[in-house]
Each structure stands twice: as structure tokens, then as C-alpha cells.
Amino acid sequence: MKKTFFIAVSLTCFQSFLFAQQSAITGKVTDENAAPLAGATVKVSGSNTAVATNADGTFSISASKGQTLEITYVGKMDEQVVIGDNHSLNITLKDADAGLNDVVVVGYGTQAKKDLTGSIGVISQSKMENQATVGIGQNLQGKLAGVQIIQNNGTPYSGTQIRIRGTGSFGASSNPLIVIDGMITNDGLANLNPNDVENITVLKDAASAAIYGSRGANGVVIVTTKKGNFEAPMKVNFSAYAGVDQVRYKIPTLTAKQYAVQVNDYYGAANLPQPFTQEEISSYGKGTNWVDEITQSGFKQDYSLSIYGGTKNNAYAIAADYFDGQGVIKNTNFKRGNIKISDDNRILPNLKLGISLNINYGVSNNTDWGQAIDRALIFPPTEPVYDANGDYSAAIHNGEPVTMLNPLIAVNLWKYKQTWKKLLGTAYLEWDIIKDLKFKTSLNAEYYGWNQDHFIPSYTFGPAGLIGDHPIAELYVDQNENVNYEIDNILTYTKRINQDHNLTVMAGYTFQQTNGSNLNASRNDFLNNDPNMQVIDAGNSNISNGGNKYAWAIQSYLGRINYAYKDKYLLSSSLRIDQTSRIASTHRTGVFPGASAGWVISKEKFFENVSAVNNLKLRASWGILGNQDIGTYPYQTTLNSTGLYYPFGAGGDGTTYTGVGPTSLGNPNIRWEKTSTYGAGLEASFLNNRLSFIADYYKRNTSDILVQIPLLATSGVNNAPYQNAGSVSNTGIELTLGYSDQIGKSFKYDVSVNWTHNKNIVTKVPSPIVNSFSQTTVGNSINEWYGYVQQGIFQTQEEIDKAPTQPNAAPGDIRFKDLNNDGLINSDDRTFIGLAVAPNTYGGSISMSYKGFDLVTSFYGQTGALRSIDQVGFAITRGGEQTSAWMYNQRWTGEGTSNYVPRVVAGDPNDNYRRSTFWLRSSDFFRLQNVQIGYDFTGLLGNKAATTIHKLRFYVAAQNLFCINSYPGWDPEQSINGGYPMPRSFYGGINVQF
């Protein structure tokens, strides 16, 4: 890779020797009324050559054919002109419109931003370019109000979880619909090349997402990849970066001496023999830090090359990317390769044919890092990494070996190899039938394959029968395939009448089908651990296998009407009719309407003299959406024949036959989960569109949520049928504020912040849905924390005597609150004790540029929720064998020493560690997600070299630089149990454009 990087830089330097003949370019810059603009900046792109226009708007500058002139003026839209044979230019700058004339990709079409009436968020290519990100989801973090991007773990291949306007269901999926280049994908955003993304559109409300009907209830994320343009010069882009990952925050663990003290306290409190003598305790030092032993500095690198361009009748794009990353847990790594090819052709003046193909391949070689992390927090620091024989040490507790896995066994010996294969292809034909009437038919296909080999070798690093002893190797193989194809036929009519009426009518038919399969097998008793022997046929015993197939299809009829009168009264309505195989034939047709309206107040005559306000628009929306992500066939009863035998005949002469029995009951009356949304919004821009403001209010009601109603045990069926018996309400406010300006000729800056508040309430559920530490019930949020309330620590026996009866309590135990005032602490004293999902999220970005320098930062965070401290607290219940320094330093050791963490005591007679507020800590955080500083050296190469090299930018960057929070685990955002540590990353990279 170092050689590749050296060659790329060498080629770049070679280009600097190329030259072209320079000429004097003259011209005049005016506004839309032909008035001259004095003081406009005219700059040769990629160089330091710049001039200002004279009082009459004229200028003269030296440049070469093929170079680009950038013309800027405060309050006007920037303009770029490629120099050709004409050396005398007349340039008109339009009034800045804060991007209102930008075209936004919406479902099955496009629309000017100024004409939007729904709640739609857009991340443009300019907001994503030059940023070193592993996945597309990271480009959205903190960028859009109402869109929460959750990073659950820090693995090299980790994806992100997307939530749009809260969680809408506790029966079906809450993931948004993902559309890539028009294809509704089953694989989401995984494994795509983030460098190849042109823009991302998020449809947040029902009016804008209704065009996707039964799949739009959780919002829609539309990704458009880069394509070539007709009659555009060829552009070649190369980018590369290398980075180092470090664990941002390591959970502090005990020294060997602290651990021995704690274990003795644990047994001593129960009047049991103490394992460690005072001499042993005194002899211990720091011991083994198992977190340090399983972690490392990770290294990652990425190389991306793209070529775009077009002729009069052809537009082409080729993009390739290679990523290789090592994780911060030892022996975890991920490699990914992407290739995208697209080609568009004008066969006739009114007929276009296009194809695109996106191929992705990924390989992940992993250990059982979940086991390793879990054990690193409980394995005794008194034990060395290796014993006297050079083998992995076994855990000793109270003088005897115990069943506890050495963390390095899971890291170094247990193997998980996963491969991803994805192909996404599109072919389309677009026909301009007559003026204003267009028909487009497209065939989209997606293939997704995922395979995993899990091998546990044979080894003996401890006493026989314990977990360090594994004499027989095991292999588990899992193979999954998914084939998805979609046919779209879209007819669009667009007409502008008398400059006052703007009408767009769309009608279409789509059909989509998915077929999938799974095969799994396992064996053990392999001859040896040789990698060449790690195939199913090499195993000799415990042969097991299984597999299944599934298929579903959906067909849809859809239409939309957009109308604008004088560009100030805006109306939009859409309708989609879906029929899906996932629902029984009597209910499988769903009708999903949506409507929205907008009023551009700033275009009214009475607003003409309000010069400070450039744009002011009110909008309102309503719509009904569905959620078909409810399983493949939940309306059908499933049967099973495994282990079911029926004898027929008398006495010993009877014959045994294989029988069949139900494993789950279906419900043919299942209907769609439906979501209706009401919303209103305000958009405004001020000060020549430098200041922008967006506010949205919405109420999102989801009904007919699927719930499993418990059956009597006498039914003989394990899985109860689903019923449409639940409802949820989400109410929210979204605010976005942005400001961009230019100071002088060279300094530009852009600041954007957003904030979202979402209130989630369950409005209907037949009976509480109870989990170990949460409940879903009417009047509370989904999966709200549920348990006892801690009122401190009993300091003396006198306090215990005066308190409500708490069996077996002693000084140092947790004091729980008597909520029902019956004088007894029991299960009736449990209540809802906090939100699991943050109601408030925020984010923002700051970008600046000065001549060749640029700076980009982004941040995001949340407030208002609690997260369980399981990862640093649960191990204290394991016979005292926990190594969390956070718990150790706060535990009760005598009167007045702690009012939060209880004493350690064998048997836990008071049940201190029942689920209560003790386990919950604030998950509020502020994360500085990205900081990047770059410099474009093109201006230093000279004007001659700049005719070939349009950009030569080097940058350094940091991700997850810091996270302000009070949570004691790895990270307040990630999974609470066994989560892979979130890394802090430092990068260096290069962007070159020819």
C-alpha cells in the first residue's frame, strides 16, 4: 500500500511539469438586470490568481484554455466558467437563493427545493466530500434535525442505526426504507462506497414518504450515487487516507492488590474464609490489566479512484474503492472493495438508455471479541497472562480453578470469518414521448450474500472440564443469500402555463420480489486445528444441519400531483396502493394517501418592502403510511415434525410414525401497521440568504401495531399469534439554524446547528410487555426502564430498624423506596424509573476556508435518557470477581464511606443487585465527531500546471476526538452489553483531481 501511495503522489508531481499557453481573458460581470457589479471576485480555480471587477463590472485576468474561472459576489450565487476559445466573457450572477433552485431527489422523481411542501432533509455532496468516513451513515450524523444516527459499536465494519422522528413500533421494524439509485434495497447502506455518494435525501413526514406507501412509516433515506454528465469534460479524482485508531476511553480495572482486598471483603462480610493472606495482598502490585492485553492500536487505509465525464450522446462514470481496517481489539479486521460503473446513452434525441452496476465485496476476520471484552472485565488481575508452562493461565478463585475463560483465548484462538457479497444493478429506458411527457421504465436487481465460518479449535489450558479446557474442535457454518429485483414504470407530465401555473403529474406501476435462503451446518471432533481442515467434511461427530427458504412480493400503483401558482401557492398530493404477500389475501391491499401545501409569504405584494427577509414559507402536511416489515408470513400457522412421533397399534406390535404439530399460530386477520402524521413547518432566510431557519412540528400516530397475545400453556403451542392491538404516538419539534457568509475575497464560513425533541408514548397495548429491566405499557415510552428506586445505602442497624421491612438487610446494603407505603419492600414497589431513548438530540457543523486552507468540524449529542451500567457493574454479582475500578472506588466499606455502591458480600442476602435505579446512569453526551484541516497546494504549482491538476489537497483529521459524558462504560451511545469500544481516529490523506 505504501508503494501504491508513492506512485500516486509521483504521478501527481509529474503533472506539474505540464503546461499550456496562457492568454488575457477579459469580460464583464452584471446582475440579472444587466447592472454592473463592481468588486466581484474573479479567480482562476486552483490557483492564487484573482482580480476584482472595476466600477463598470469589467475585468482582465491571465488564464489558459481548459481552466475554470470562479466568480463570486456577496448576495449572489457563485458562477463557474470554463475557458474555451472565446476570450471575451459576459457573466451574469443570479441572486443568491440559499439553494432554493437546487433540484432535490424525491420518490420516483425530482423537485426544486423551493417547491417542496413536505419535511425533507438533504445532505449535498459538498457537505460530504473530502471527509474520511468508513460508512455512509457517518455522513448523516448530527447533520439533520429529526434524524438520529446511532453508532452501536466501534468494529471496523460497524454500521449505524437510523431513527427518523423516533421509534414508531414495538411489533415491527423501526428502520427507515433505504433507496439507492431508485432501488429499494434489502441490504440498507452496508458496504457501499461513501466516496461515490452524490447526495442523500431523507423523507421525514408522511406527505413526502407516502409515495412509498406500506414501507414509508419509518421515513425514507434516498441515496444517489455519482454519475457522468453529457457534454462534460472528463474528471479524474483520486483520494487516499491512512489512519490510526485508539480506544477513546478504557474502562479502569483493579490492580491485583485491590482485587485481592475486594475478594477478601466479599467473603469476610459473609463470615466465610478469606482466600488471600495479608502477606499475599502485600506482595501484589498492579498485576495484569486484561483490557490492555486484548486491545491494540488499529490501522486503517482507504484508496478511491473515480472517472466522470461525457460527450454529446454519452455520459459515463467509473468508481473504485478499497478499504482495509484493523480494529482496536486484537485480531479483528475488515476489508472491503467496491466497483461502480454507469453509462448513459442518447440513442435518439428523445430516447435515453442507461445501465449501472455496483459491486461490493467484504471480508471480516474476527475473534469472539464479545467474550474477550466481557472476560477482560472480570478475569482476576492476580493471574499472569501465561502460566509457568507458557500456556494461557487459568482463573483461580478461593484456591480452586474456576470456569472462566482467559480473555486472550477468545481473542487469539476463536475465529469468525464473515464475507459479504453484493451486486446492485440498474437498467433503464427513458422516452420523451412528446414535449412535457416522459416515460421511464427500469429494471433494478440486487444480490446479497453473507457467509460465516465460526471455528473453535481444540486446546487445553486448564483443568479438564473447565472452560480453559476444550479438547474437541468445533466448526459452525452459516450461508445466506438474498435476491431482490424490482420493475418500475413511471410516466411524468410537466407543464408550465403562462408563467403562473406549474404542474407536474406522475403515475406509475412497480413490482418487487425477494427470494432468500439459509443453510447452516456444524460438526466437531476435527483431526487438528490446521486451517485447511476447517471445513464441514473434516468433522467426525455431532453432525447437525438446517436450512430454509423464503419469498415475498409486492406490487404497487402510485401517483402524485404537484402544483404551484405563481411560485407562491404550492400543493402536492400522492397516493399509493400496495398489495403484499406478507398479509393474508383478505387484507393485503393497502391505500396510502398523502397531501401537503405551502405558502411562500415572501412573494406576496404586501411583503415586497420587507428587505431583510429573502424567503418565508409556511407549509403543512398530512399522510398515512404503512409498515410491512412484520415478518414474512405472520398470518400463517407454522408446523414442525422434529421429535414428534405417534405410535399406532396395540402393545409392542405398534408402528411409530413421524407426526406434525404447530409451533406457532397464524392470524389471517392481520392488517398493516399504519402511521398517520400531521405536521407544520416554517422556512425562512434573511440577510441576502446568509441566515436560514427551519422549524417543524409533527404528531406521528402508529396504530394496529402487532402484538403477541399470550396463550394458555394447555394450548400446546409455544409461539402465540400476532394481533393488531397496539398504538404509539410520537410528538416532536425540529429546529435548524444556519449562517454562511464571506469576509473579503478569500475567507468563507458556514455554520449550521439543529435540535430535535421527540416525545414517545404508548397509547394502546393489551397488557404490559415485560422485559428483564424494562416495560412497554400505556402512558409510558417504548421499553422504558422499570424497577426499584434506590434511596441510598443503609449506614447503621438503627437505620434498618426504622425503615420499611427489607428482609436480610445489613449496614452497607441498598435501601429501596417503599412506593406503596405498605411497610414492606417487595415487587409491588417497582415503577418506571427513566427513559431508555433520549428525547433530545442535537448536532451541527462548522466549515471555513481561507485561500487554500479549509477547516471542517462536526458534532452531535443527546440529553434526557439513562443507560444501564451492566458492563461495569454486573460482574460484582459474580462471587466478588469483578474488576471495575469505578465500582471498587465507590463501594461501601463502613459508615459514611458510600451512599451509592453497596458493600460486597457473598450470597448478596439483601438482593442489592435487583434491577433498580442503581444500575442507571445518564447517557447525555456531547461528541466532537470530526475535525479536519486541509490545504490545497494547486495554487503553488503555477498556472501552467493548474490546467491539468485542478486540486492537490492534503489534510489531517480526527474523528471522535472527545466525548463529554458521565457514563462509566465504554461509551454512552453504544450497546450496553459487550459493546466493542468506540475508537478515536487520526487520519492523514490526499485528494487529487485532474
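Colleague: So what about the overall build of the chain? Which residues, and what values?
Modeller: Counting secondary structure elements, the chain contains 11 helices and 54 strands. The principal-axis extents of the C-alpha atoms in the chain amount to approximately 95 × 70 × 65 Å. Here the chain, with 994 residues, has 51% of them falling under the buried criterion. Across the chain, every contact between residues at least 6 apart in sequence was considered, and the portion connecting residues at least 24 apart equals 69%. On the chain, roughly 43,000 Å² of surface is accessible, and the fraction owed to carbon and sulfur atoms is 55%. Across the chain, the centroid of the 78 positively charged side chains sits 8 Å from that of the 82 negatively charged ones.

Colleague: Go over helix α3 (residues 256-268), please, and point to the residues and values.
Modeller: The end-to-end C-alpha distance of α3, which contains 13 residues, comes to 18 Å, matching closely the 18 Å that a straight helix rising 1.5 Å per residue would cover. Buried within α3 we find Ala-256, Tyr-259, Ala-260, Gln-262, Val-263, Asn-264, Tyr-266 and Tyr-267.

Colleague: Mind laying out the nonpolar core, listing which residues take part and the relevant values?
Modeller: Ranked by size, the top nonpolar core spans 51 residues in total, and within it Ile-294, Ile-329, Leu-408, Ile-409, Tyr-459, Ile-869 and Phe-918 carry the most contacts. Excluding residues within four positions of it along the chain, Ile-409 makes contact with Tyr-392, Trp-414, Tyr-459 and Phe-461. Within the second largest apolar cluster, 21 residues are counted, among which are Leu-177, Ile-211, Ile-222 and Ile-490.

Colleague: Help me get a handle on the pattern of salt bridges, residues and values and all.
Modeller: Here the structure, examined in full by the defined rule, presents 32 salt bridges. We note a salt bridge from Arg-690 to Asp-741, for which the minimum N-O separation is 3.7 Å. Taken as a pair, Arg-690 in the loop between β38 (673-686) and β39 (691-708) and Asp-741 in strand β40 (residues 722-743) lie far apart in primary sequence, 51 residues in all. By relative accessible area, which is 21% here, Arg-690 ends up partly exposed. Notably, a salt bridge pairs Arg-927 with Glu-973, separated by 2.9 Å at the nearest N-O pair. Placement of Arg-927 in strand β52 (residues 925-936) and of Glu-973 in the loop between β53 (951-965) and β54 (983-993) is noted, with a sequence separation of 46 residues between them.

Colleague: A description of empty space enclosed by the protein should follow, citing residues and the corresponding values.
Modeller: Scanning the entire structure with this criterion turns up 11 cavities of 30 Å³ or more. Approximately 270 Å³ is the volume found for the largest cavity. Taken together, 26 residues form the lining of the largest cavity, with Gln-138, Gln-151, Lys-300, Pro-983 and Ser-985 sitting closest to its centre. Counting only elements with at least two residues in the lining of the largest cavity, the list comes to β19 (314-326), β52, β53 and β54.

Colleague: Provide a residue-level description of the side chain of Thr-295, including the pertinent values.
Modeller: On the secondary structure map, Thr-295 appears in the loop between α5 (290-294) and β18 (298-310). Within the structure, the side chain of Thr-295 is placed 3.4 Å from the side chain of Lys-250, a separation counted as a polar contact. Leaving out residues up to four positions away in the same chain, Thr-295 has contacts with Val-247, Lys-250, Val-328, Ile-329 and Lys-330.

Colleague: I'd love a proper account of the sheet that holds strand β47 (residues 831-834), names of residues and values included.
Modeller: Reading across the sheet, the 4 strands line up as β42-β43-β44-β47 and stay open at both edges, with antiparallel pairing between neighbours. Edge positions in the sheet fall to β42 (769-770) and β47, since each has one partner strand and no second. In this sheet, strand β43 (residues 774-776) lies alongside β42 in antiparallel orientation, the contact comprising 2 bridges. Bridging from a neighbouring strand, Ile-769 pairs with Thr-776 of β43.

Colleague: Before we move on, can you summarise helix α6 (residues 369-376) with the specific residues and values?
Modeller: Burial runs high along α6: 6 of the 8 residues are buried. By the burial criterion, the buried members of α6 are Trp-369, Ala-372, Ile-373, Asp-374, Arg-375 and Ala-376.

Colleague: Give me the lowdown on the sheet that holds strand β3 (residues 50-52), citing residues and values where you can.
Modeller: Within a sheet, adjacent strands bond to each other through the backbone by hydrogen bonds, running parallel or antiparallel. Taken in spatial order, the 4 strands line up as β3-β2-β5-β6 in an open sheet, and their pairing is antiparallel. In this open sheet, the two edge strands, each paired with only one partner strand, are β3 and β6 (79-82). Averaged over all neighbouring strand pairs, the angle between strand axes comes to 20°, with direction disregarded. Where strand β2 (residues 41-44) meets strand β5 (residues 68-72), 4 bridges bridge the pair, whose relative direction is antiparallel. Paired with Lys-43 across the bridge in β5 is Glu-70.

Colleague: Kindly report on the pairing of strand β49 (residues 853-863), identifying the contributing residues and their values.
Modeller: Bridging between strand β48 (residues 840-850) and β49 involves 11 bridges; their strand directions are antiparallel. What sits directly across from Tyr-842, in β49, is Gly-861. The turn linking β48 back onto β49 is made up of 2 residues, and Lys-851 within it adopts a positive phi angle of 50°.

Colleague: Would you mind going over the environment of Asn-412 in detail, with residue names and values included?
Modeller: You can see Asn-412 is positioned in helix α7 (residues 407-412). Residue Asn-412 is classed as partly exposed on the basis of its relative accessible area, which comes to 23%. Sequence separation between Asn-412 and Asn-331 is 81 residues; the distance between their C-alpha atoms is 6.9 Å. Other than its neighbours up to four places away in sequence, Asn-412 contacts Asn-331 and Tyr-392.

Colleague: Go over a nonpolar patch on the surface with me, naming the residues and quoting the values.
Modeller: On the surface, Ile-318, Ile-339, Ile-341, Leu-357, Ile-359 and Leu-423 cluster together to form a nonpolar patch covering roughly 460 Å² of accessible area. Among the elements of the structure, β20 (333-348) and β21 (351-366) are those that each provide at least two residues to the nonpolar patch.

Colleague: Any chance you could break down the packing of aromatic side chains for me, citing the residues and the numbers?
Modeller: In the structure shown here, the tally under the stated rule is 36 aromatic pairs. With a centroid separation of 5.5 Å and an interplanar angle of 90°, the aromatic rings of Phe-592 and Trp-672 are classed as edge-to-face. Of the two residues, Phe-592 sits in strand β32 (residues 589-600) while Trp-672 sits in the loop between β37 (661-664) and β38, which places them 80 residues apart along the sequence. We classify Phe-592 as buried; its relative accessible area is 0%. You can call Trp-672 buried: its relative accessible area is 2%. Between Trp-886 and Tyr-900 the ring centres are 6.1 Å apart and the planes differ by 75°, which places this aromatic pair in the edge-to-face class. Remark: Tyr-900 occurs in the loop between α10 (885-888) and β51 (920-922) and Trp-886 occurs in helix α10; sequence separation between them is 14 residues. Judged by its relative accessible area of 16%, Tyr-900 falls in the buried class. Taken together, the aromatic side chains of Trp-886, Tyr-900, Tyr-913, Phe-918 and Trp-919 make up a single cluster linked through ring pairs. Positioned above the aromatic ring of Phe-230 is the side chain of Arg-346, whose terminal nitrogen or guanidinium carbon lies 4.0 Å from the ring centre.

Colleague: Talk me through the environment of Pro-807; I want residue IDs and the actual numbers.
Modeller: Tracing the backbone through its elements, the reader meets Pro-807 in the loop between α8 (797-802) and β46 (814-816). Each C-alpha atom of the pair Pro-807 and Gln-262 lies 24 Å from the other, and the pair is 545 residues apart in sequence.

Colleague: Lay out the side chain of Asn-482 with the relevant residues and their values.
Modeller: Within the secondary structure layout, Asn-482 lies in strand β28 (residues 474-497). With a relative accessible area of 8%, Asn-482 lands in the buried category. Within polar-contact distance, the side chain of Asn-482 engages the side chain of Asn-186 at 3.3 Å. Side chain to side chain, Asn-482 and Tyr-550 meet in a polar contact 3.1 Å long. Those residues within four positions of Asn-482 in sequence are excluded, and the remaining contacts are Asn-186, Glu-446, Tyr-447, Tyr-448, Thr-514, Asn-515, Gly-516 and Tyr-550.

Colleague: Any details on unusual backbone geometry? Residues and values, ideally.
Modeller: With the exception of glycine, the majority of residues adopt a negative phi angle, and the majority of peptide bonds are in the trans configuration. The phi dihedral of Leu-687 falls on the positive side, at around 55°, and the residue is not glycine. The backbone of Lys-851 shows a phi angle near 50°, a positive value even though the residue is not glycine. Mapped onto the fold, Lys-851 is located in the loop between β48 and β49.

Colleague: I'd love a proper account of the confidence of the model for the chain, names of residues and values included.
Modeller: For the chain, per-residue confidence averages 88 on the pLDDT scale, and residues scoring 70 or more make up 93% of the total. Across the chain, element-level confidence peaks in β46 with a mean pLDDT of 97 and bottoms out in helix α1 (residues 2-15) with 40. With pLDDT under 50 throughout, residues 1-20 is counted as low confidence; its partners more than four residues away or in other chains account for 26 contacts.

Calculation criteria
- Residues numbered from 1 in each chain as written.
- Predicted model: local features only at pLDDT ≥ 70, side-chain atom pairs only at ≥ 80, totals over all residues.
- Heavy atoms only, no water.
- Helix = DSSP H or I, 4+ residues; strand = E, 2+ residues; numbered from the N terminus.
- Buried < 20%, exposed > 50% of the residue type's maximum accessible area, 1.4 Å probe, protein only.
- Contact = heavy atoms within 4.5 Å.
- Areas by Shrake-Rupley, 256 points an atom, 1.4 Å probe, with all protein chains shown as cover.
- Lys, Arg positive; Asp, Glu negative; His and termini not counted.
- Charge placed at Lys NZ, Arg CZ, Asp CG, Glu CD.
- Expected span 1.5 Å × (residues − 1).
- Core = buried A, V, L, I, M, F, W, Y, C linked by side-chain atoms within 4.5 Å.
- Salt bridge = Lys/Arg side-chain N within 4 Å of Asp/Glu carboxyl O.
- 1 Å grid on protein atoms, 1.4 Å probe; cavity = no way out; pocket = protein on both sides within 12 Å on 5 of 7 lines; lining within 4 Å.
- Points joined across faces, edges and corners; volume = space filled by probe spheres on them.
- Polar contact = N/O pair within 3.5 Å; in protein donor to acceptor, adjacent residues only side chain to side chain.
- Pairing = 2+ DSSP bridges.
- Axes fitted to C-alpha atoms, helices over the stretch in contact; angles between N-to-C directions.
- Patch = residues over 30% accessible without salt bridge, like charges linked within 9 Å, V, L, I, M, F, W, Y side chains within 5 Å.
- Phe/Tyr/Trp six-rings, centres within 6.5 Å; stacked < 30°, edge-to-face > 60°.
- Lys NZ or Arg CZ within 6 Å of the ring centre and 35° of its normal.
- pLDDT = per-residue confidence, 0-100.

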